[in-house]
There are 2 protein chains.
Amino acid sequence: MAKAYERIADDLRQSIRAGELAPGDRLPSEAKLAERYRRSVPTVRDALRLLQAEGLIDKEHGRGNFVRRPRTLVQRSNLRHQWEKDRVREPEEKRAETGATEHDTGLELPDLVFHAAYREIPADKELAEAFGVAEGTTLLERTYRTRYRAESAPFTLVTSYLVRDMVAANPALLDAANEPWPGGTQNQLFTVGIEFGRIEERVTARPPTAEEAEELELPPGTAVLVLRKTSIDIDDRPVEISDVVLPGDRTEMLFTTPLERW
Amino acid sequence: MAKAYERIADDLRQSIRAGELAPGDRLPSEAKLAERYRRSVPTVRDALRLLQAEGLIDKEHGRGNFVRRPRTLVQRSNLRHQWEKDRVREPEEKRAETGATEHDTGLELPDLVFHAAYREIPADKELAEAFGVAEGTTLLERTYRTRYRAESAPFTLVTSYLVRDMVAANPALLDAANEPWPGGTQNQLFTVGIEFGRIEERVTARPPTAEEAEELELPPGTAVLVLRKTSIDIDDRPVEISDVVLPGDRTEMLFTTPLERW
DNA sequence: GAGGAGAACTCCTCTTTATGAGTTGCGTTG
DNA sequence: CAACGCAACTCATAAAGAGGAGTTCTCCTC
C-alpha cells in the first residue's frame, strides 16, 4: 500500500529518467495530473514537491512545472594552489597581465568580488583550536562573495580568518579599505615573510540554509558544498582558514593526488 | 507580507539556532504550535516540512518533532592513496596484519563490504571518453556498499569500472566469485603490471535520489557527496574509475595539497 | 509485581473548498 | 498595426476535517 503521492512521484520520476519528459519540458498542469491519477490537486502537489526537493523539476508560478535542465559546472582545482604560490614571486606587471583569470592553466578563477566585509573578532573555541592559539586571540575576519563573469548568480560565499598578530607587520593588511587584497591573500602574506607549505581542504555537503539559498540564488532541490581550507606555512603553522560555501549543482572540485614512483 | 508558514519556520529556526531548543529537544506538538501561532495545523506542518528539508528537525511519527543532533563525521583523506600504494608491495602477512583498517595513519577505512555485484558492460560515451577508449569497449563494472564497524548504516555506494582488456592478464580478476578483491584494487592491478601514478578526484554535491536515500538510510534534509575517482597509471592512462556516493552529513573529505618549496 | 488492554497523544495521508497571484495570449480598441 | 486590457490558465497559500497509524503511559487484572 504505497502512498498515493509517492506513487505519483515515482511515475513522474520514471517518465523523466526514461526521457519521455525531456529537460525543459513542461509537465501537465496540476489539475490535469489530478485528473489522470484520480487524486486531489493537493495530493498531486505533494508529489511534485518531492520531485522538486530532489532537484528534478522547477516550479514556476503561473507557468507550470518543468523538468530541470542540468547546469554547467565550474571546476575548482587544487592545482591552482601551486599556481598561486608560483605567481607570488612573479613581477607585478606579469601578474597584472594574467589578471585574476588564468588561461594557460585551464583553471578558471572568479573575477568579480562583491561586498567584502572586514572585522576583528576574538577567536572562539573552534577557531582557536584550528589555529593552535589561545581562545580569545584577535582574528581578522573577512567575508565576501565572488561571481564569474559569465555567471548571473553569485558563486561562492567566503569567510576568511587570519591571526591578527601574524599579519600586523604589514599595516596595509589591517586596513579595511584595502579589500580585496591585491594579488590575493598568499601574495600579501608573502610580504610579511610567510611562505605556504601545504593546503588542507575539508569538504562536506548539506542542504543550504535559508540565507545561503537566497544569497547564492539556489533553486530548491540543490545542495551546497562546504569547504574549510586551511593554509599552512612551511613551519607547520596554520596561517589562514577559509570557510567557503559553493553551490553543489554548479561546482566540481577537482583534487589531484600525485603518487610517489617506485 | 511574508507567508504564514515561512514566518512560523523562521521563528522556530531562530529558537533552534539560539539554543532555546537544544538538539534532541521535542518541539511542541503540531496542535500546540497551531494554537500558538493562530494558524491551522496544515500550515504549521508546512513550516515543519521546511525545517525538515533544511535538516534542522526530525519528524517521528507518533512521537513528535525533534531538533536534530549533528552526526559524527568520518574522515576520508587523500593521504590514503599513497598509503595504499605503499602497501601494495608489502609482504602479504603484513597486509593481513593491518587488515582493512589502518591504525598507524589515523585513517579509517571501511571494514565491511556488502552486496558486491559484477558485470561486463560496453562503455557508453561518457565512460569511453573518460578512459580514452572507443565507445562500446568492454568494461568490468563492480558495485558495492561499504559500512564501518561502528556504524549502523551503510556508508558508501560504489560503482567501479575497469577496461576488461587491461586486466585480463590476471584471470582471477574476471571471476565474479573473487569479490571483494584481496588487498584492494590497486593491489590486484599490480599483479598485471599496472603502477598507479596519480589519483584525480572530482567532487560535487546534490540531494540524494530516492534510491540513494533508502540505501544509505539518509534522513530527509541531507545531501550526498558525489565523488568520481579516476586512478591514472604512470603512463598517463586512466585504469580505474570509481563513482562513489557518500552521505554528506557523515562524511568529511580531507585533501592535502603539498606545495613546492622555493 | 508482571502483563495486557486501552486511552490519549502524537504525526500522516487525503479530501474539499476558497482565495490569491503570476503569466500568457487573444481580441478589442485606438 | 500597435497597445492595452481582460480572460483563462497556471501554481501558491490557507483552512477544516475525516480517518489512519505509531508511541507512550496508565491502570486494571491476574
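Along every chain, residues carry numbers that run from 1 in the direction the sequence is written. Key to labels: chains lettered from A, ligands numbered from 1, both in the order written. Local features in this predicted model are restricted to residues of pLDDT 70 or higher, and side-chain atom pairs are both shown and tallied only at a pLDDT of 80 or more, whereas totals for entire chains, interfaces and linings draw on every residue. Side-chain figures throughout are based on the complete set of non-hydrogen atoms in the structure, without hydrogens or water.

### With respect to the environment of valine 67 of chain B
Residues and elements named next belong to chain B.
Part 1: Along the chain, the position of valine 67 falls in strand E2 (residues 64-67).
Part 2: Judged by its relative accessible area of 4%, valine 67 is buried.
Part 3: Note on contacts: a residue pair is in contact if any heavy atoms of the two residues lie within 4.5 Å. Contacts of valine 67, omitting those with residues within four sequence positions, involve Ile16, Leu21, Ala22, Pro23, Gly24, Asp25, Leu27, Leu56 and Ile57. Numbering of helices and strands runs from the N terminus, with a helix taken as a DSSP run of H or I at least four residues long and a strand as a DSSP run of E at least two residues long. Each residue is assigned to one of three classes by its accessible area relative to the maximum for its type, calculated with a 1.4 Å probe on protein chains only: buried under 20%, partly exposed between the two thresholds, exposed over 50%.

### So, the relation of the copies chain A and chain B
Part 1: Superposing copies: least-squares fit, C-alpha atoms only, residues required to have pLDDT of at least 70 in both. Rotating chain A by 180° and moving it 0.0 Å along the rotation axis overlays it on chain B with an RMSD of 0.0 Å. Taken together, the turn and the small shift mark the pair as related by a two-fold rotation axis.
Part 2: A share of 100% of interface residues in chain A that are also interface residues in chain B marks the association as one of identical surfaces.

### Section: the nonpolar core
Part 1: In these notes, a set of buried Ala, Val, Leu, Ile, Met, Phe, Trp, Tyr and Cys residues joined through side-chain atoms within 4.5 Å is what counts as a nonpolar core. Of all hydrophobic cores here, the largest spans 28 residues; its most connected members are Val203, Leu225 and Met253 of chain A together with Val203, Leu225 and Met253 of chain B.
Part 2: Where this core is concerned, the elements lending two or more residues are strand E7 (196-206), strand E8 (224-233), strand E9 (238-247) and strand E10 (251-258) of chain A together with strand E7 (196-206), strand E8 (224-233), strand E9 (238-247) and strand E10 (251-258) of chain B.
Part 3: When residues no more than four places from it in sequence are discounted, the contact partners of leucine 225 of chain B are Val203, Thr204, Ala205 and Leu225 of chain A together with Val203, Thr204, Val244, Val245, Leu246, Gly248, Thr251 and Met253 of chain B.

### A word on the confidence of the model for chain A
Part 1: A score between 0 and 100, pLDDT records how confident the predictor is in each residue. Per-residue pLDDT for chain A averages 87, and the proportion of residues at 70 or more is 86%.
Part 2: Across residues 99-107 of chain A the pLDDT falls below 50, and counting only partners more than four positions away or on other chains, this stretch makes 12 contacts in the model.

### Thoughts on unusual backbone geometry
Part 1: Phi at glutamate 217 of chain A is positive, roughly 50°, even though this residue is not glycine.
Part 2: For arginine 38 of chain B, which is not glycine, the phi dihedral falls at a positive 55°.

### Observations concerning the protein's contact with DNA strand D
Part 1: Throughout this document, a residue counts as near a molecule or strand when at least one of its heavy atoms sits within 4 Å of that molecule or strand. The environment of DNA strand D is made up of 19 residues, and the closest members are Arg45 and Lys59 of chain A together with Ala4, Thr43 and Arg63 of chain B.
Part 2: Whenever a nitrogen or oxygen atom comes within 3.5 Å of another N or O atom, the pair is scored as a polar contact, on the condition that within protein one atom can donate a hydrogen and the other can accept it, and that pairs from neighbouring residues in sequence are kept only if both atoms are in side chains. Contacts to DNA strand D include histidine 61 of chain A, whose side-chain N or O atom sits 3.1 Å from a base oxygen.
Part 3: Between DNA strand D and threonine 43 of chain B, the relevant distance is 2.4 Å, taken from a phosphate oxygen to a side-chain nitrogen or oxygen of the residue.
Part 4: Looking at the surface near DNA strand D, the elements that each hand over two or more residues are strand E1 (57-60) and strand E2 (64-67) of chain A together with helix H1 (4-17) and helix H3 (41-53) of chain B.
Part 5: Polarity classes work like this: nonpolar for Ala, Val, Leu, Ile, Met, Phe, Trp, Tyr, Cys and Pro, charged for Asp, Glu, Lys and Arg, and polar for all others, with Gly in that last group. Looking at the surface near DNA strand D residue by residue, the classes come out as 3 nonpolar, 9 polar and 7 charged.

### Notes on the protein's contact with DNA strand C
Part 1: The environment of DNA strand C is formed by 19 residues, the closest being Ala4, Thr43 and Arg63 of chain A together with Arg45 and Lys59 of chain B.
Part 2: The sugar and phosphate moieties of DNA strand C supply 80% of its atoms located within 4 Å of the protein.
Part 3: At 3.4 Å, a side-chain N or O of serine 29 of chain B approaches a phosphate oxygen of DNA strand C.
Part 4: Here a phosphate oxygen of DNA strand C and a side-chain polar atom of lysine 59 of chain B are 2.8 Å apart.
Part 5: When residues of the surface near DNA strand C are traced back to their parent elements, those giving at least two are helix H1 (4-17) and helix H3 (41-53) of chain A together with strand E1 (57-60) and E2 of chain B.
Part 6: Among the residues making up the surface near DNA strand C, the classes are represented as 3 nonpolar, 9 polar and 7 charged.

### Points about the pattern of salt bridges
Part 1: Between Lys or Arg on one side and Asp or Glu on the other, a salt bridge is scored when a side-chain nitrogen of the former is within 4 Å of a carboxyl oxygen of the latter. Taken as a whole and judged by the stated rule, the model has 48 salt bridges over all chains.
Part 2: Among the salt bridges present, the one from arginine 49 of chain A reaches aspartate 46 of chain A, with a minimum N-O distance of 2.7 Å. Taken together, the residues arginine 49 of chain A and aspartate 46 of chain A, both in helix H3 and 3 residues apart, mark about one turn of the helix.
Part 3: Its relative accessible area of 29% is what places arginine 49 of chain A among the partly exposed residues.
Part 4: For glutamate 120 of chain B, the salt bridge goes to arginine 164 of chain B, with nearest N and O atoms at 2.9 Å. One end of the pair, glutamate 120 of chain B, is in strand E4 (residues 112-122); the other, arginine 164 of chain B, is in helix H7 (residues 164-167), with 44 residues separating them in the sequence.
Part 5: Taken together, the salt bridges that share partners define one network made up of Arg198, Glu200, Arg202 and Asp236 of chain A together with Glu252 of chain B.

### Thoughts on the packing of aromatic side chains
Part 1: Pairing of aromatic rings covers Phe, Tyr and the six-membered ring of Trp, with a centre-to-centre limit of 6.5 Å; geometry is then stacked below 30 degrees between planes, edge-to-face above 60, and tilted otherwise. Following the criterion strictly, the structure yields 1 aromatic pair over all chains and no others.
Part 2: Judged by centre distance (3.7 Å) and plane angle (0°), the ring pair of phenylalanine 255 of chain A and phenylalanine 255 of chain B falls under stacked. Taken as a pair, phenylalanine 255 of chain A in strand E10 and phenylalanine 255 of chain B in strand E10 lie in two separate chains rather than in one.
Part 3: Residue classification places phenylalanine 255 of chain A among the buried positions, given a relative accessible area of 2%.

### Quick word on the interface of chain A and chain B
Part 1: Contact residues are listed per partner, giving 51 residues for chain A and 52 residues for chain B.
Part 2: A quick way to say it: buried area is the sum, across both parts, of accessible area lost when two parts are put together, with a 1.4 Å probe. Between chain A and chain B, a total of about 4,300 Å² is buried, with carbon and sulfur atoms accounting for 56% of that surface.
Part 3: Counting across the interface, chain A meets chain B through 4 salt bridges.
Part 4: With a shortest N-O distance of 3.8 Å, glutamate 252 of chain B and arginine 202 of chain A are connected by a salt bridge.
Part 5: Across the chain A-chain B interface, the total number found is 16 residue pairs in polar contact (both at pLDDT 80 or more).
Part 6: Looking at the side of chain A that touches chain B, the elements with two or more residues in it are H1, H3, helix H4 (79-88), helix H8 (185-190), E7, helix H9 (210-215), E8 and E10 of chain A.

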